[in-house]
Amino acid sequence: MYPPRFTAEPPSTDRTPRTYDVIIAGCGPTGAMLAAELRLHDVRVLVLEKETEPASAVRIVGLHIRSLELMAMRGLLDRILPHGRQRPASAFFAAIPKSAPKGLDSRYAYLLGIPQPVIERLLEEHAIELGAQVRRGYAVVGLEQDDEGVTVELANGEQLRSHYLVGCDGGRSTVRKLLGVGFPGEPARTESLMGEMEVGVPQEEIAARVAEIRETHQRFWLRPAGVGVYSVLVPAAGVSDRAEPPTLDDFARQLRAIAGTDFGVHSPRWLSRFGDATRLADSYRVGRVLLAGDAAHIHPPIGGQGLNLGVQDAFNLGWKLAAQIRGWAPEALLDTYQAERRPVAEAVLDNTRAQTELLSTEPGAQAVRRLLIELMEFDEVNLHLLEKITAVGVRYDFGAGPDLLGRRLPDMDITQGHLYGLLHRGRGLLLDRTERLTVGGWSDRVDHLADFTAALDVPAVLLRPDGHVAWIGDDQQDLDERLSRWFGKPAH
Ligand SMILES: Cc1cc2nc3c(=O)[nH]c(=O)nc-3n(C[C@H](O)[C@H](O)[C@H](O)COP(=O)(O)OP(=O)(O)OC[C@H]3O[C@@H](n4cnc5c(N)ncnc54)[C@H](O)[C@@H]3O)c2cc1C
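Presented here is an overview of the structure given in this document. Computed from a predicted structure; not experimentally measured.

1. What about the overall build of the protein?
Item 1. Secondary structure summary: the protein contains 12 helices and 24 strands in total.
Item 2. Taken against the 2.2 N^0.38 rule, which gives 23 Å for 492 residues, the C-alpha radius of gyration of the protein at 24 Å falls within 12% of a compact globule.
Item 3. Taken across its 492 residues, the protein has 54% of its residues classed as buried.
Item 4. Expressed as a percentage of contacts within the protein between residues at least 6 apart in sequence, the contacts between residues at least 24 apart total 71%.
Item 5. Working note: accessible area of the protein is about 21100 Å², and carbon and sulfur atoms make up 51% of it.
Item 6. Each charge class in the protein can be summarised by its mean position, and for the 55 positive and 67 negative side chains these summaries are 2 Å apart.

The following block contains the structure:
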């Protein structure tokens, strides 16, 4: 099913640096996902990761609906699900406790809580299985680009060459700084401590006290997160050394300050500290160098969107960069990456700003929160906010057309199994109920399915490799025009 593994190192002499198609700086979730996506198209990928060992902080992150859909599209979900815990798709927006709205159209309508190191490991393994090379303990410290490619300098003085470089190197991105790309926004105003630990008092006692405190403290919670384990959020105010990781004592002290008791917390699973800085890169691309994930955007973790956003960046960029390398990319395809993804990040930054305000204890913010709680009784409002956080509401601007154009197509049963099962190879797909259309000279890039039954109420639909609807219609000429726009010139 997969393309052949890329095992051979490109030729090198002592004087000429090794050459790759794409070098990725950073093997976090974004870098690993991007490497895998590129390998689906046989692109020679090298991932450079400065840390010698995978991350050890076992922070639990939530994979939201759209990310679960992407995993299903690449046949990864069965591998990931056993490592996580499924929770209802609800109470995401500013932690307002509303149940899941009706009308949520997804086969994967839940949240998957999973330790970040585990999802990182699974994505890295997936990329390596597909043939990506990952070199740990290699930090990118310099870059220089020309018309043919990029020279990447490593901390050990080694130089490597690639046609493109992608900075997936996190919020403090070296690549972004080397490019001189601005990262404007707001610095952190508050810091919080978050972690998971066991408690020494009965659940009922905790629930009553927590409900009381949350009347006035929104940046606080203590809620069940598994058998005997609680998730704890407290302000970091007064915790001394920002450079050191927080300790259980820090949590206990902050709990006593807010609740008058530390609930007997003990046996921490993981502890972390984070700020609410919000920043967006001015540009996602400078020539042959691109940015993705936290390297391009940072925001408070409220709503649990950062990792999801990065993985979705990688999904958007992967097939476009592969098309560029393989030589079939239409003019400006690569620029649609920024055109599509930067507005999505802008919207996420905005919703986290709004959620942060809603957690304030100021009377005005509390009043707005109460009003929003009322409004969320309307299912449309609840659904709208949920679609924002889970990214199923994303619609790229592909020009005038029906509402479905530019949106994702949900997974659905088809004669051949289910739709997403047809997207594992990262190719385009024409779903054709007319049975008289053809993908002609694009058949090396786009699959065609004509003989099927599915709950699809349009004659034909063209999906991009990222599952977004690129065309709807029944006219061959119109289809050819769209195929050229997204998949370049036909092979014959
Ligand atoms: C408390 C907390 C809770 C969170 N919860 C969620 C959640 O529930 N859901 C969610 O979606 N997100 C969550 N996030 C956000 C999420 O952790 C990040 O958005 C995500 O890790 C970003 O992934 P990335 O691959 O873009 O960057 P990173 O994970 O930062 O990975 C970057 C990688 O690049 C490497 N690197 C850095 N510099 C170099 C260099 N010069 N050369 C080579 N390698 C380099 C780093 O070592 C690292 O491995 C949370 C964050 C916090 C703080």
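The structure having been displayed, the exposition proceeds.
2. A closer look at the site of the ligand
Item 1. Neighbouring the ligand are 29 residues, the closest being Glu49, Arg59, Gln116, Leu307 and Asn308.
Item 2. Separating an oxygen atom of the ligand from a side-chain N or O atom of Glu49 is a distance of 2.6 Å.
Item 3. Here a nitrogen atom of the ligand and a backbone polar atom of Gly304 are 3.0 Å apart.
Item 4. With the chains in place, 86% of the 1000 Å² that the ligand exposes on its own is no longer accessible.
Item 5. Going through the elements one at a time, helix H1 (29–39), strand E2 (45–49), strand E3 (60–63), strand E14 (266–275) and helix H8 (306–326) are the ones with two or more residues in the shell around the ligand.
Item 6. When residues of the shell around the ligand are assigned to their parent elements, the largest contribution, 3 residues, is made by H8.
Item 7. Looking at the shell around the ligand residue by residue, the class counts come to 10 nonpolar, 13 polar and 6 charged.

3. Here's the deal with a nonpolar patch on the surface
Item 1. On the surface, Leu371, Leu375 and Phe378 cluster together into a nonpolar patch covering about 290 Å² of accessible area.
Item 2. Note on placement: Leu375 falls in helix H10 (residues 363–375).
Item 3. A residue is classified by how much of its surface remains accessible, and Leu375, at 38% relative accessible area, is partly exposed.

4. Let's talk about the state of the cysteines
Item 1. A full pass over the atoms with the stated rule returns 0 disulfides.
Item 2. In this structure Cys27 is a free cysteine whose sulfur lies 9.3 Å from that of Cys168, the closest cysteine sulfur available.
Item 3. Accessibility expressed as a relative area gives 4% for Cys27, which makes it buried.
Item 4. Looking at Cys168, the relative accessible area reads 7%, which means it is buried.

Scoring rules and cut-offs
Residues numbered from 1 in each chain as written. Predicted model: local features only at pLDDT ≥ 70, side-chain atom pairs only at ≥ 80, totals over all residues. Heavy atoms only, no water. Helix = DSSP H or I, 4+ residues; strand = E, 2+ residues; numbered from the N terminus. Rg over C-alpha atoms; globule rule 2.2 N^0.38 Å. Buried < 20%, exposed > 50% of the residue type's maximum accessible area, 1.4 Å probe, protein only. Contact = heavy atoms within 4.5 Å. Areas by Shrake-Rupley, 256 points an atom, 1.4 Å probe, with all protein chains shown as cover. Lys, Arg positive; Asp, Glu negative; His and termini not counted. Charge placed at Lys NZ, Arg CZ, Asp CG, Glu CD. Near = heavy atom within 4 Å. Polar contact = N/O pair within 3.5 Å; in protein donor to acceptor, adjacent residues only side chain to side chain. Nonpolar A, V, L, I, M, F, W, Y, C, P; charged D, E, K, R; others polar. Patch = residues over 30% accessible without salt bridge, like charges linked within 9 Å, V, L, I, M, F, W, Y side chains within 5 Å. Salt bridge = Lys/Arg side-chain N within 4 Å of Asp/Glu carboxyl O. Disulfide = S-S within 2.5 Å.

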